[in-house]
Amino acid sequence: MKHRIVVLGAGYAGTYVAGNLARRLSPADTEITMVNAEPDFVERLRLHQVAAGQEIETQKLADIFAGTGIRLRVARVTTVDPERQVVTVTGADGGTDELGYDTLLYSLGSHGDDRGVLGVVEHAFDVAARPSALRLRERLDGLREGGNVVVVGDGLTGIETASEIAESRPGLSVTLVARGELGAQLSAGARGHLRLACDRLGITVREHTSVEAVEGTRVLCTDGTALPSDATVWTAGFAVNPIASDAGLEVTADGRILVDRTMRSLSHPNVYAAGDSVCAVGDNGRPLPMSCATAGYTGMQAMKAIVGRLTGSKIGHVKLDYPGNHISLGRHDGILQMVDHEAQAKPKYMGGRKAARIKAGILKMSLWTNSHPTFCMPKRKRHLATAPQSSAANTVPYSLDDPAGKAVA
């Protein structure tokens, strides 16, 4: 019987892992199934552009995985039962089904976090997923000249969203609400560049402001200020689906899966995690942030670990590092901010058109890599070693202190 590998989520991490497993493992020994709620690969890093009204071409997952042998299942994951090694999915028709697995990669990503603020769920929009970004675009299309847009959250997503809307829709009045100092995570020079960009784009910035409630036509701040808003965009954080926690996997307080150095679950050794769903500790001893870069590093590490353990070969280690941030400020401006080993902004930064072009290149490279999983596919694929024990009950413990993530007594 073939070893069943199921990948949950076709984002940056899941798509990369599935394609590369297909490149490296013999189809005579394995079958790979990809489960994703949508039939398309979504460039999440460009959803603020979609919301602003730009047309971003999508690629069908069926086309991406054509010729790889990967089985695509367009369905929503509802539960994971790691004891039975079964995933329950719900299709577009509402029907449910169970998929068995021997190895599971959990890469379901994240969604917007309302942080318990009153009215966010009912009245705010977000750009955490394509459907929600399209709803925001529809709302913006219906606004008249002078309409008010309030973007809550001054992280990278908030900054990019406010900039894109202000540039693409100059007839709207855009306000960016920052809980602290605008661009606090950037160097002094980059913060200055960001302020100039906001001034150029006509973005009103409200610093050191917290929001206590969102209503249909206004945003209520804790200082008593009421900001008029015809469209409120909530970018104040991201959260993960509770599926992993509900399944009994060992998770952090915010629900991300705890793993060893090779992205293998601490509680269930035949489950791996990558992307926003995982709490991965970087080489500097700090948890890696939710980002496309983290998805790439953790996905690559999970792929190498799965291949190594299934084929009985050495597990390659990927450097778990966070090099910095690339921020778009509309289509013709941007900021590249590198960070040091302690994840603190370095004094130097790059801004302007060159930074914007570099970010565009990074996005194109990421899309190309994920959409060409068979590129340089080896002619000779690896066969599996003796079938590994896939049940958690039949495995021995392992430790984070073991650099290879191997079983230790």
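Structure: above.
For clarity, every value in this text was computed on a predicted model and none was experimentally measured. (Residues numbered from 1 in each chain as written. Predicted model: local features only at pLDDT ≥ 70, side-chain atom pairs only at ≥ 80, totals over all residues. Heavy atoms only, no water.)

(A) Spatial organisation of the overall build of the protein. Scanning the protein from terminus to terminus reveals ten helices and 25 strands. A compact globule built from 409 residues should have a C-alpha radius of gyration of about 22 Å, and the protein, at 22 Å, falls within 12% of that. Along the first, second and third principal axes, the C-alpha atoms of the protein reach 65 × 50 × 40 Å. Carbon and sulfur atoms form 51% of the exposed surface of the protein, whose accessible area is close to 18,500 Å². (Helix = DSSP H or I, 4+ residues; strand = E, 2+ residues; numbered from the N terminus. Rg over C-alpha atoms; globule rule 2.2 N^0.38 Å. Areas by Shrake-Rupley, 256 points an atom, 1.4 Å probe, with all protein chains shown as cover.)

(B) The arrangement of the side chain of Thr-235 in detail. Considering the arrangement of structural elements, one finds Thr-235 in the loop between strand 18 (231-234) and strand 19 (238-240). A polar contact of 3.2 Å, which involves the side chain of Thr-235, links it to the backbone oxygen of Gly-153. The contacts of Thr-235, once residues within four sequence positions are left out, are Val-151, Val-152, Gly-153, Thr-157, Gly-158 and Thr-161. (Polar contact = N/O pair within 3.5 Å; in protein donor to acceptor, adjacent residues only side chain to side chain. Contact = heavy atoms within 4.5 Å.)

(C) Broad picture of the sheet that holds strand 6 (residues 76-81). The sheet built from three strands is open, its strands ordered 6-7-8 with antiparallel pairing. This sheet does not close on itself; its edge strands, each paired only once, are strand 6 and strand 8 (96-100). Along the sheet, successive strands turn relative to each other by an average axial angle of 25 degrees, direction set aside. (Pairing = 2+ DSSP bridges. Axes fitted to C-alpha atoms, helices over the stretch in contact; angles between N-to-C directions.)

(D) Spotlight on the packing of aromatic side chains. Across all of its chains, the model carries one aromatic pair by this definition. On the basis of an interplanar angle of 90 degrees and a centroid distance of 5.5 Å, the ring pair of Tyr-12 and Phe-41 is categorised as edge-to-face. Pair noted here: Tyr-12 is in helix 1 (residues 12-24) and Phe-41 is in strand 3 (residues 40-41), with a separation of 29 residues, a long-range link. As far as burial versus exposure is concerned, Tyr-12 and Phe-41 are alike and both buried. (Phe/Tyr/Trp six-rings, centres within 6.5 Å; stacked < 30°, edge-to-face > 60°. Buried < 20%, exposed > 50% of the residue type's maximum accessible area, 1.4 Å probe, protein only.)

(E) A look at the nonpolar core. If you look at the biggest cluster of nonpolar residues, it comprises 58 residues, and the most contacted ones within it are Leu-8, Leu-21, Val-77, Val-80, Val-87 and Leu-104. In this view, Leu-8 contacts Val-35, Val-77, Val-80, Val-87, Leu-104, Leu-105, Tyr-106, Ser-107 and Leu-108; residues no more than four positions away in its chain are not counted. With 34 residues, the next largest nonpolar core counts Leu-140, Leu-172, Ala-197 and Val-233 among its residues. (Core = buried A, V, L, I, M, F, W, Y, C linked by side-chain atoms within 4.5 Å.)

(F) Quick look at the packing of helix 1 against helix 10 (residues 353-371). Remark: helix 1 packs on helix 10, axes separated minimally by 8 Å, with the N-to-C direction vectors making an angle of 40 degrees. One element, helix 1, and the other, helix 10, form an angle in the oblique class. Along its contact with helix 1, which presents Tyr-12, Thr-15 and Tyr-16, the element helix 10 presents Ser-366, Thr-369 and Asn-370. Here the residues of the contact of helix 1 with helix 10 are counted per class, giving two nonpolar, four polar and no charged. (Parallel < 35°, antiparallel > 145°, perpendicular 65-115°, else oblique. Nonpolar A, V, L, I, M, F, W, Y, C, P; charged D, E, K, R; others polar.)

(G) Spotlight on the environment of Thr-96. Tracing the backbone shows Thr-96 in strand 8. As a C-alpha pair, Thr-96 and Glu-145 span 49 residues in sequence and 46 Å in three-dimensional space.

(H) A look at helix 5 (residues 130-141). Helix length check: helix 5 (twelve residues) gives 16 Å between terminal C-alpha atoms against 16 Å at 1.5 Å per residue, within 8%. For helix 5, the full list of buried residues reads Arg-130, Ser-132, Ala-133, Leu-136, Arg-137 and Leu-140. All buried residues of helix 5 lie within an arc of 165 degrees about the axis, which places them on one face of the element. Across helix 5 from its buried face, at more than 90 degrees, point the exposed residues Glu-138 and Asp-141. Contact partners of the buried residues in helix 5: helix 2 (47-52), strand 11 (124-125), strand 12 (148-152), helix 6 (156-168) and strand 18. (Expected span 1.5 Å × (residues − 1). Arc of directions from axis to C-beta.)

(I) Region of interest: the pattern of salt bridges. This model, assessed by the stated rule, comprises 23 salt bridges. The closest approach of N and O atoms between Glu-181 and Arg-191, which form a salt bridge, is 3.4 Å. Taken together, the positions of Glu-181 in the loop between strand 13 (173-177) and helix 7 (188-201) and Arg-191 in helix 7 put the pair ten residues apart, joining distant regions of the chain. On the basis of relative accessible area, Glu-181 is assigned to the partly exposed category, the value being 33%. By relative accessible area, Arg-191 is classed as partly exposed at 21%. In this structure, the salt-bridge partner of Asp-283 is Arg-261, at a minimum N-O distance of 3.3 Å. You can see Asp-283 sitting in the loop between strand 22 (278-279) and helix 9 (292-311) and its partner Arg-261 sitting in the loop between strand 20 (257-258) and strand 21 (271-273), a full 22 residues away along the chain. Of the residues examined, Asp-283 reaches a relative accessible area of 38% and is grouped as partly exposed. Among the ionic contacts, a cluster of salt bridges with common partners joins Glu-181, Arg-191, Arg-195 and Glu-207. (Salt bridge = Lys/Arg side-chain N within 4 Å of Asp/Glu carboxyl O.)

(J) Main features of the environment of Thr-294. When you line up the elements, Thr-294 lands in helix 9. In the structure, Thr-294 is positioned 29 residues away from Pro-323 in sequence and 9.9 Å away in space, judged by C-alpha atoms. With sequence-adjacent residues up to four places away left out, Thr-294 is seen in contact with Leu-288, Pro-289, Gly-299 and Tyr-322. One polar contact links Thr-294 to Ser-291, side chain to side chain, over a distance of 3.0 Å.

(K) Molecular detail of the pairing of strand 16 (residues 218-221). The pairing of strand 15 (residues 211-214) with strand 16 spans three bridges and is classified as antiparallel. Among the inter-strand pairings, Val-211 is bridged to a residue of strand 16, identified as Cys-221. Taking the residues that link successive antiparallel strands as the turn, the strand 16-strand 17 (residues 226-228) hairpin has four residues, and the phi of Gly-224 there is positive, at about 95 degrees.

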